[in-house]
Amino acid sequence: MTSGTTPGLARFNTSAEGDAVTALHEVCSSSAWGSKILAQRPFATAEALFLASDAAMAELTAEDLADAMAGHPPIGRPKEGDPTSSREQSGMAGASAELKAEMLELNLAYQDRFGHVFLICATGKTGEQMRDAIRERIENSPEQEREIVRTELGKINRIRLTRLVETSEEEN
């Protein structure tokens, strides 16, 4: 991951507040998380931004975590027309019909148990790895699962922030 100053980081640091809010919302849909990051601009390095993100994630309440999770579609059903969602869930793209059906069933059972979507940092994971994770995690207590979700959101945010600070003006 990038740790120094990049053109993307400079652009984020100097962008209008509304543009920065929009960029942060694309990283994480929790307005509390976004507000904490926004209040600390400018960042000297990408690593400083990542550390601020981690700290903000650690401070989120259960309600804030629910806001953050609301921005994530169920595994196996990326948001239509959303390249980020499709890219992050690409491990399910080539999954068999049986695996997709099993994931749908497991997603519904998980949502019934915990009241929110199953959230995992899916980048680089196969459909089978995600299925195995949901099978394992569905046995957790709500408190255990909330902290796992917090960790997974932190991983997702770092990946998305990396893309934000490494993206050149032309790629926007």
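See the structure above.
Note that the coordinates shown come from a computational prediction; the quantities given were computed from them, not determined experimentally.

### Notes on the overall build of the chain
Thought 1: A tally of helices and strands in the chain yields nine helices and zero strands.
Thought 2: When the helices and strands of the chain are placed in sequence order, the string is α-α-α-α-α-α-α-α-α.
Thought 3: For the chain, whose C-alpha radius of gyration is 17 Å, the value lies close to the compact-globule estimate of 16 Å for 172 residues.
Thought 4: Based on the C-alpha atoms only, the size of the chain along its principal axes is roughly 45 × 35 × 25 Å.

### So, the pattern of salt bridges
Close approach of charged atoms lets side chains of opposite charge pair.
Thought 1: Inspection of the entire model under this criterion finds 10 salt bridges.
Thought 2: Two residues, aspartate 54 and arginine 158, come together in a salt bridge whose shortest N-O distance is 2.5 Å. Pair noted here: aspartate 54 is in helix H4 (residues 46-59) and arginine 158 is in helix H9 (residues 142-166), with a separation of 104 residues, a long-range link.
Thought 3: Among the residues examined, arginine 158 registers a relative accessible area of 18% and is labelled buried.
Thought 4: The closest approach of N and O atoms between glutamate 152 and lysine 155, which form a salt bridge, is 3.0 Å. Here lysine 155 and glutamate 152 lie together in helix H9, a separation of three residues that amounts to about one turn.

### Structural notes on the packing of helix H2 (residues 17-27) against H9
The angle between the axes and the distance between the axes are what describe a pair of packed helices.
Thought 1: At a minimum axis separation of 9 Å, H2 and H9 run at an interaxial angle of 140 degrees. As the angle between them shows, H2 and H9 are arranged oblique. Contacts from Ala23, Leu24, Glu26 and Val27 in H2 reach Asn157, Arg160, Leu161 and Leu164 in H9.
Thought 2: Here the contact of H2 with H9 is built from residues that sort into five nonpolar, one polar and two charged.

### A word on helix H3 (residues 31-38)
Thought 1: Taken residue by residue, H3 has Ala32, Trp33, Gly34, Ile37 and Leu38 as its buried positions.
Thought 2: On the buried face of H3, the contacting elements are helix H1 (7-14), H2, H4, helix H5 (62-69) and H9.

### Things to note about the environment of leucine 164
Thought 1: By the secondary structure assignment, leucine 164 is in helix H9.
Thought 2: Between the alpha carbons of leucine 164 and glycine 71 there is a distance of 17 Å; along the sequence they are 93 residues apart.
Thought 3: Apart from the residues lying within four places of it in its own chain, the contact partners of leucine 164 are Gly8, Arg11, Phe12 and Ala23.

Reading guide: rules and limits
Residues numbered from 1 in each chain as written. Predicted model: local features only at pLDDT ≥ 70, side-chain atom pairs only at ≥ 80, totals over all residues. Heavy atoms only, no water. Helix = DSSP H or I, 4+ residues; strand = E, 2+ residues; numbered from the N terminus. Rg over C-alpha atoms; globule rule 2.2 N^0.38 Å. Salt bridge = Lys/Arg side-chain N within 4 Å of Asp/Glu carboxyl O. Buried < 20%, exposed > 50% of the residue type's maximum accessible area, 1.4 Å probe, protein only. Axes fitted to C-alpha atoms, helices over the stretch in contact; angles between N-to-C directions. Parallel < 35°, antiparallel > 145°, perpendicular 65-115°, else oblique. Contact = heavy atoms within 4.5 Å. Nonpolar A, V, L, I, M, F, W, Y, C, P; charged D, E, K, R; others polar.

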